Amino acid sequence: MRTGVYVCHCGTNIAGTIDVHALIGYAGSLPGVALAREYKYMCSDPGQELIRQDICDYKLDRVVVAACSPHLHEKTFRQAVEQAGLNPFYCHMVNLREHDSWVHADKPAATEKAMDLVRAAVRRVKWHVPLERRQVPVHAEVLVVGGGIAGIDAALTLANAGKHVYLVEREPTIGGHMAQFDKTFPTLDCAACILTPKMTAVKAHRNITLWTYSEVRQVEGYVGNYSVTVRRKPRYVIEKLCVGCLECIQACVYKQAKVPDPFNLGLSKRKPVYIPFPQAVPQVVAIDPETCIEFKSGKCKKTCVEVCAERNAIDFKQQAEIQTIQVGAIILATGFDVFDGARIPYYGYGLYPNVYTALEIERLVNASGPTGGEVVLRDGRKPASVGIVHCVGSRDLHTNRYCSRVCCMYSLKLAHLIKEKTGADVYNFYIDIRAPGKAFEEFYNRVAEEGVVFVRGKAADVYPAGNGDGRLIVQAEDTLLGMIRKIPVDMVVLATGLEPRADANDVRRLFNIGCSGDGFFLERHPKLAPVNTFADGIFLAGCCQGPKDIPDTVAQSGAAAAQALALIDAGVVELEPNTAHVLEDACSGCKTCLPLCPYSAISFVEEKKARINEVLCKGCGTCVAACPSGSIRQNLFEDEEIFEEIDGLLASAAVGGGPVRIQGDL
Amino acid sequence: MTSATYGYYPGCSMRGSGIAYEESLVTLFRLLGLTLQELRDWNCCGATSYMCIDENLAFLLSARNLALAQQTGFRELVTPCSACYLCLRKVQDYVQRYPQVAERVRDSLAVASLPPLDAVKVRHPLEILFTDVEPERIRSKAVRHWHGGQVACYYGCQLVRPYGEADRLHNPTRMDELLQAVGVPTVKFALKTKCCGGSLTGTIHPVGLRLNYILLKEAARKGAKAIATVCPLCQYNLDAYQAEIRRETGEALDLPILFFTQILGWALGGDVRSLGLHRAISGRRVIDEWFPQHPEEVESYV
Amino acid sequence: MKALRAFWFRPEMRRKMKFQREADPEWAQQVAQRPGCEGLFSCLQCGTCSGTCPLSIYMDFAPRRIIGLVREGFREDALGCQTIWLCASCYACAVHCPRQIRITDVMYSLKREALQYKLYPRRFPIPVLAQEFYGIVSDRGRSSEFWLVLRMALHSNPLQLLTLIGTGWRLFRTGRLSLHKEQIEHVKELQAELAGRRGT
Ligand SMILES: Cc1cc2nc3c(=O)[nH]c(=O)nc-3n(C[C@H](O)[C@H](O)[C@H](O)COP(=O)(O)OP(=O)(O)OC[C@H]3O[C@@H](n4cnc5c(N)ncnc54)[C@H](O)[C@@H]3O)c2cc1C
Ligand code: SF4
Ligand code: SF4
């Protein structure tokens, strides 16, 4: 055995805590080690060249690289080894940085630990066998989940590149939150004017299959070859036949709208047959079985059906439809939920009628909203003064610790719009104004110059004025003046933050991806793989990954689309060979492993043996550990490799002179 | 449940200005078939003042009471005073949170041959009446209709903050629910957890007065004809200075400040003296009207 | 130095400037390590504490500024102010603070230090009350309102007694003023417990 050991300094990341020189001295003395070297940055070109050259010059047959996490550079070093003509799986990495130097401060102890880790790797790697990567073809279709601006933009980008896209949206229309806004910061362009052309383009695109009012039920398979089951909920209207004339809504036996309209956050009412908003895509109505008389009693005159006459689009018997599709890549764009203002009792949301959330005000300022764009109180009066309370449900350990990133800016936007429409005095109660984007600071200046008042202090309390004039007092410390201020206002607007979707955890499990501590979907790397997930072939776009504004959302959806394109355009994917396989002679056919595999990769074949589909196997090792007869083995995790590694690790913890011996079945 | 016995820690106020609280509490519990057994040789909880001088000693004062309770075999200790409630629970919290506090408390208790602290549950009557007895049972035991007016329920600060679990932190409602159960209408009172100033009425008098003035004024504005309290200090502050507040502000505020136990006890058939209703200073006229000396005579008119 | 105190003839004027040498960052660190005072350095200076505090309108530095002063290590200002004494320990700030800083406990900690080093404002009745209370309870195990108020008034502002007569009479009339000096049975035991570790 001729093993080469390479220790990386990683600048001072590793060398600052570990005595690298002593480490290579030690490594060089280990049996089977032909040479040990250190280098400032092993991952650099000269670093890799060093390994390649040594393999040729010294006829190395195994390589151990002690550096950072294999997550980052395993590929790099395996490739370098391969280029020198060695099987790439003869290379093994030791994570000196994350597992040692970054988590310890005591240099001698850290160095000793590094020696243990390197010794373990040297002993393990000699058992490595040559392995082959397997190539499988990729489906050229892409699934996009969520039809907000993120999903719309990603779908269009892919479709324009000639790929077929399935866009699955839960609501009866696409558009997401952006469809609810009137204007968008910082340019104040009209949200509908920039969004609706994209929505119609989605509908018209021949490469896009749009399924609204639908949900993903099941996801199987692996990168390049996902099989996805989608449930299309019944809207009781046949999409193909409905022309969007809306006559049925007119004709409904309910002369007055009765049900709170969720699109307008309950600020207006709708009928049991409805379309969410005038520019909805698709232009197809839906019937709400909860409130429709026909569903409740079966005794409705069904005037809607009468007026739909020869088109005959209404179908009370419509059933849910299940569709299964094969896609190569998936983009998740499920967006965010707005924080529930009632969770902070002292702001009085739900208690005082004139406390609103920002999204409600978005609807009020919207020309197609419940008041036709008038900013009025619930009793119809125009507010003469308005307080906007920042950071509601953000930057607070009681609710969400993180900053929601867009609330400062949309508060500025709403301050401007309210002032413009009502002439009211507007007070912003803020902790910090966060306006770091392009043209944001300029917008802040503009709003301040328009006479909007900024009180630096988090609102501490909202309560009715003592003189009974119906106003609300917003109380806060003006931290710049060092005074407590009590400002009477007619309307309070809560700048509620952005939260992960209530069902984010279910969706995460469905797609087998992770969530970060704040509950948003976790990206593979915060800087270098911001739209990838730990599941290959599944990408993130928009607010499902974290709060962000529309420009950032669109930038991200473009990136996700490009990643998906790169994947499917390659035509094939390489699968890692760290899969499990059954030693058929030893398998007793007990079926223990079958239900355990999270990826359903194990089947029971005629010869009464278990068999693992290597393409489906993700190498989690569950079956290997569970097999009672020890007849499942896993590449790169063979028993000899693991036991040697453990022995090597514990060799220095020798008890009574001899090394600790770990017995066969651990 | 009916014959439950609770360990009882009165606190110093019950032996002075808050005597009516103790009277009404004992009466109410008796009417409900519950017994309060006073902790033998209890000492002061230390209140806010002791905490200003020496934190360790303040903890030791409370710890002694808890240790005595344990020695007596009480699993639960009821204390009607919000300050006592907070102090007792705070030492428990600190002992759990900080090993250094736990150690000091353990050592000092040992010096006095007292057992180390274990889990004695510190409870407030509000919580007992709401969760152990339940409003429904109190309603079923009520023997008198309410002839009085609307009441503002004032919870004060220390009962609900941060170590307690007597009610919800920001918007407590249990006193309202209990009073409503016996037919007492309560008003929405936004200031229900705003501080009464505690000992400030005795130290920085004008500041203390102003805090109480705001509370009284807001309650009156909401249509309350009386305020119900859960804490002897709140009751004292709101009750004792109304004449002075009238003089200073020229406003005709004269609200009876009742203990919630007085109102509940009345509904369950207690009489004026056993509930300590004769000890109120302000709002005498209203009290005499709502709680007549001979209720039977009035009752027969309805 | 003395000559530079340009406003010596105007004691009510305060210099609004800080030299960095007046700051004691070590002290700040030390405060932040006391039980109950954790998290001081995560304060956002958002002012929620001052905004919810029922007494901040009378304070020389509202709670937020106390946190700021401590954090910067301006010990004399933090210990010498009236704010910490006006704090009624209502915990409103502590339960609202978005960083969950237990401001009330910080106030307590500062009060104790101010008393220990005699930095509290002279003739301010609240520290006097606290000390009298401490004395009575340490001696007898319980406090008695009448004697407490009497001793406090005598030590801070005897004239105050005159104004207390009315209230006292009303309490007396309703049987709520006890002249009895409350005392527990086992004062010795209590004192042993307290003394067990006194002075540590
Ligand atoms: C009050 C307010 C004002 C704002 N104003 C501005 C502004 O002026 N300018 C600006 O740049 N940004 C603004 N923003 C931010 C902006 O809303 C977001 O950047 C943007 O909406 C993010 O788009 P998205 O597609 O990621 O998410 P969303 O808009 O939330 O869209 C997600 C879509 O996915 C669907 N969905 C969710 N779960 C599923 C599922 N499981 N299956 C299928 N479909 C699903 C939803 O129905 C929705 O249609 C504002 C935010 C708020 C709260
Ligand atoms: S509320 Fe908390 S974070 Fe805000 S200023 Fe006060 S101590 Fe700091
Ligand atoms: S605890 Fe003290 S500082 Fe905090 S709000 Fe109450 S009085 Fe103010």
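Residue indices begin from 1 for each chain and proceed along its sequence in written order. Working convention: letters from A go to chains and numbers from 1 go to ligands, in the order in which they are written. Given that the model is predicted, a residue must reach a pLDDT of at least 70 before its local features are reported, and side-chain atom pairs must reach 80 or more before they are shown or counted; all residues, however, enter totals for whole chains, interfaces and linings. Processing note: side-chain calculations cover all non-hydrogen atoms of the structure and skip hydrogens and water entirely.

1. Examining the overall build of chain C
If you tally the helices and strands in chain C, you get 11 helices and 0 strands. Labels follow the DSSP assignment, with helices taken as runs of H or I lasting at least four residues and strands as runs of E lasting at least two, numbered in each case from the N terminus. Going from N to C terminus, chain C has its helices and strands arranged as α-α-α-α-α-α-α-α-α-α-α. By principal-axis analysis of the C-alpha atoms, chain C measures approximately 55 × 45 × 35 Å. Relative accessible area decides the class of each residue, using a 1.4 Å probe on protein chains only: under 20% of the type maximum gives buried, over 50% gives exposed, and in between gives partly exposed. Counting all 200 residues of chain C, 55% fall into the buried class. Working rule for contacts: check all heavy atoms of both residues, and any pair within 4.5 Å makes them a contact. The long-range share in chain C, meaning contacts at least 24 apart out of those at least 6 apart in sequence, stands at 61%. Accessible surface for chain C amounts to roughly 10,000 Å². Of this, 57% is attributable to carbon and sulfur atoms. Treating the 30 positive side-chain charges of chain C as one cloud and the 18 negative ones as another, the clouds have centres 6 Å apart. Values of accessible area rely on a 1.4 Å probe in the Shrake-Rupley scheme; residue burial ignores everything except the protein chains shown. The charged-residue count follows a simple rule in which Lys and Arg add positive charge and Asp and Glu add negative charge, with His and chain termini not counted at all. One atom stands in for each charge, and that atom is NZ of Lys, CZ of Arg, CG of Asp or CD of Glu.

2. Looking at the site of ligand 3
All names here are of chain C. Distances are taken per atom, and a residue is near a molecule or strand as soon as one of its heavy atoms is within 4 Å of it. Ligand 3 sits among 13 residues. The nearest are Cys53, Cys87, Cys90, Tyr91 and Cys93. Listed by contribution, the elements that provide at least two residues to the shell around ligand 3 are helix 6 (92-96) and helix 7 (103-116). Here the nonpolar group is Ala, Val, Leu, Ile, Met, Phe, Trp, Tyr, Cys and Pro; Asp, Glu, Lys and Arg are the charged ones; every other residue, Gly included, is treated as polar. When its residues are assigned to classes, the shell around ligand 3 shows 11 nonpolar, 2 polar and no charged.

3. Some points on the domain arrangement of chain C
Buried accessible area, meaning the area lost when the parts come together, often serves as the stated size of an interface. In this document the domain limits rely on a domain assignment from an automatic tool or a database. For chain C, the assigned domains are domain 1 (21-117) and domain 2 (125-199). Measuring from the centre of the C-alpha atoms in domain 1 of chain C to the corresponding centre in domain 2 of chain C gives 28 Å.

4. Let's talk about the pattern of salt bridges
All names here are of chain A. Salt-bridge detection follows one rule: a side-chain nitrogen of Lys or Arg within 4 Å of a carboxyl oxygen of Asp or Glu. Inspection of every chain in the model, using the stated rule, returns 67 salt bridges over all chains. As a salt-bridge pair, Asp288 and Arg270 come within 3.6 Å of each other at their nearest N and O atoms. With Asp288 in the loop between strand 16 (286-287) and helix 9 (293-297) and Arg270 in strand 14 (residues 269-270), this residue pair connects regions lying 18 residues apart in the sequence. Given a relative accessible area of 13%, Asp288 falls into the buried group. Each of the salt bridges in this network shares a partner with another, and the network as a whole consists of Glu74, Arg78, Arg133 and Glu576.

5. A short note on helix 13 (residues 260-267) of chain B
Each full turn of the α-helix corresponds to 3.6 residues, which orients residues three or four apart in the same direction. Residue and element names in this part refer to chain B. For helix 13, the tally of buried residues reaches 8 of 8 residues, placing the bulk of the element in the interior. When we look at burial in helix 13, the residues that qualify are Phe260, Thr261, Gln262, Ile263, Leu264, Gly265, Trp266 and Ala267. Where helix 13 terminates, the next one or two residues include Gly269, which has phi positive at roughly 105 degrees.

6. Quick word on the environment of Ala140 of chain A
Residues and elements named next belong to chain A. Looking at the secondary structure, you find Ala140 in the loop between strand 5 (134-137) and strand 6 (142-145). For the pair Ala140 and Ala610, spaced 470 residues apart in the sequence, the C-alpha separation amounts to 32 Å. With residues near it in sequence (within four places) discarded, Ala140 still touches Lys163, His164 and Ile568.

7. So, the packing of helix 6 (residues 125-133) of chain B against helix 8 (residues 174-181) of chain B
All names here are of chain B. Helix 8 packs onto helix 6 with a crossing angle of 60 degrees between their chain directions and a minimal axis gap of 10 Å. Taken as axis vectors, helix 6 and helix 8 run oblique relative to one another. Two packed elements cross with a definite hand, and for helix 6 against helix 8 that hand is left-handed. Packed against helix 6, whose contacting residues are Leu126, Glu127, Leu129, Phe130 and Thr131, the element helix 8 presents Arg174, Met175, Glu177 and Leu178 at the interface. Fitting a line to C-alpha atoms yields each axis, with helices limited to the stretch in contact; the angle taken between N-to-C directions then spans 0 to 180 degrees. Any angle from 65 to 115 degrees is called roughly perpendicular, while one under 35 is roughly parallel, one over 145 is roughly antiparallel, and all others are oblique. The crossing is said to be left-handed when, going from far helix to near helix, the turn is anticlockwise and less than a right angle, and right-handed when the turn is clockwise.

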